Amino acid sequence: MAIRQVREIGDDILTKQCKEVPKMTLRTKILIADMLETMYEYHGVGLAAPQVGVLKKIVVIDVGDGPIVLINPEITETSGEQRGEEGCLSVPGKWGYVTRPDHVKVRGLDQEMNPVEIEGEGLLARAICHEIDHLSGELYVDKTEDGLHDVTYDSDEEEGQAEETEE
């Protein structure tokens with residue numbers, strides 16, 4: 001496993017459509033393991049393959065309940081609404097308010113290429129929508145309701161607590 005470089009806003013790969021994964025290969029297994037390691041290294045809750053430079057329909061998510069791997073994911077149902085702060089490993093140091101469904105149902109394949117269906121609410125629903133957007137070349141920055149804000153860290157604050165500033 002290896003930590004991969006996370007592509008940042010401005011990199012053309014983040015605006016491209018991803019391709020379906022037709023079968024599991026050793027290369028794809030390594031990619032998934034690297035994506036998980038990269039996501040954890042950078043303290044993200046999700047990561048999509050194009051964020052590490054690969055145009056495949058693969059996302060990994062962990063909102064604290066253990067890792068979820070989705071291959072060729074497709075949202076099949078949404079309901080409710082939530083507005084909240086969103087950030088992205090590909091847009092470091094920034095965040096913005098985005099409205100997303102509060103409940104989503106998604107189907108796809110797991111790491112063994114078995115069909116799976118996952119339902120998520122709250123943060124998991126937000127993460128699923130955010131990561132699947134990446135597979136279509138969409139970034140959350142185009143969905144923010146009041147623009148992007150800087151994330152700054154005050155040396156007097158505890159690690160992990162951000163102070164909000166407007167750009």
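Criteria and cut-off values
Residues numbered from 1 in each chain as written. Predicted model: local features only at pLDDT ≥ 70, side-chain atom pairs only at ≥ 80, totals over all residues. Heavy atoms only, no water. Helix = DSSP H or I, 4+ residues; strand = E, 2+ residues; numbered from the N terminus. Rg over C-alpha atoms; globule rule 2.2 N^0.38 Å. Pairing = 2+ DSSP bridges. Axes fitted to C-alpha atoms, helices over the stretch in contact; angles between N-to-C directions. Contact = heavy atoms within 4.5 Å. Disulfide = S-S within 2.5 Å. Buried < 20%, exposed > 50% of the residue type's maximum accessible area, 1.4 Å probe, protein only. Phe/Tyr/Trp six-rings, centres within 6.5 Å; stacked < 30°, edge-to-face > 60°. Lys NZ or Arg CZ within 6 Å of the ring centre and 35° of its normal. Salt bridge = Lys/Arg side-chain N within 4 Å of Asp/Glu carboxyl O. Expected span 1.5 Å × (residues − 1).

(A) Seen up close, the overall build of the protein. For the protein, the helix and strand inventory stands at two helices and nine strands. Starting at the N terminus, the α and β elements of the protein follow one another as α-β-β-β-β-β-β-β-α-β-β. For a compact globule of 167 residues, the expected C-alpha radius of gyration is about 15 Å, and the protein comes in at 16 Å, within 12% of that figure. The principal-axis extent of the C-alpha atoms belonging to the protein is close to 50 × 35 × 30 Å.

(B) A look at the sheet that holds strand 1 (residues 46-48). Read across the open sheet, the five strands follow the order 1-2-3-6-7; overall the sheet is antiparallel. Strands with a single pairing partner mark the edges of an open sheet, and in this sheet they are strand 1 and strand 7 (115-121). Adjacent strand axes in the sheet meet at a mean angle of 35° when their direction is disregarded. Here strand 6 (residues 103-109) pairs with strand 7 via seven bridges, running antiparallel. Residue pairing in the sheet places Leu-109 in a bridge with Pro-115 of strand 7. Together, strand 1, strand 2 (58-61) and strand 3 (68-79) form the strand contacts of helix 1 (residues 26-41), whose direction differs from that of strand 2 by roughly 35°. The strands touched by helix 2 (residues 123-135) are strand 1, strand 2, strand 3, strand 6 and strand 7; relative to strand 2, the strand with the most contacts, the crossing angle is about 155°.

(C) Up close: the state of the cysteines. Inspection of every chain in the model, using the stated rule, returns zero disulfides. With no disulfide of its own, Cys-88 lies closest to Cys-18 among cysteine sulfurs, the gap being 13 Å. With no disulfide of its own, Cys-129 lies closest to Cys-88 among cysteine sulfurs, the gap being 14 Å. Residue classification places Cys-129 among the buried residues on the basis of a relative accessible area of 6%.

(D) Local environment of the packing of aromatic side chains. Within the structure shown, the criterion is met by one aromatic pair. When the ring of Trp-95 is compared with that of Tyr-97, the centres are 5.1 Å apart and the planes differ by 85°; the resulting orientation is edge-to-face. Of note, Arg-83 hangs over the ring of Tyr-97, and the distance from its end group to the ring centre comes to 4.1 Å.

(E) Representation of the pattern of salt bridges within the structure. Enumeration over the complete set of coordinates arrives at twelve salt bridges. Ionic pairing is found between Asp-150 and Lys-94, a salt bridge with its closest N-O pair at 2.3 Å. Linking Asp-150 in strand 8 (residues 149-152) with Lys-94 in strand 5 (residues 94-100), this pair joins segments that are 56 residues apart in sequence. Of the charged contacts in the structure, one is a salt bridge between Lys-143 and Asp-133, with a shortest N-O distance of 3.4 Å. In this pair, Lys-143 is assigned in the loop between helix 2 and strand 8 and Asp-133 in helix 2, connecting sequence segments ten residues apart. Take Asp-133: its relative accessible area is 13%, and that puts it in the buried class.

(F) View of helix 2. Between its first and last C-alpha atoms helix 2 spans 19 Å; for 13 residues at 1.5 Å apiece the expected length is 18 Å, and the two agree. Burial analysis of helix 2 places twelve of its 13 residues in the buried class, which makes it a mostly covered element. Within helix 2 the residues assigned to the buried category are Leu-124, Ala-125, Arg-126, Ala-127, Ile-128, Cys-129, His-130, Glu-131, Ile-132, Asp-133, His-134 and Leu-135.

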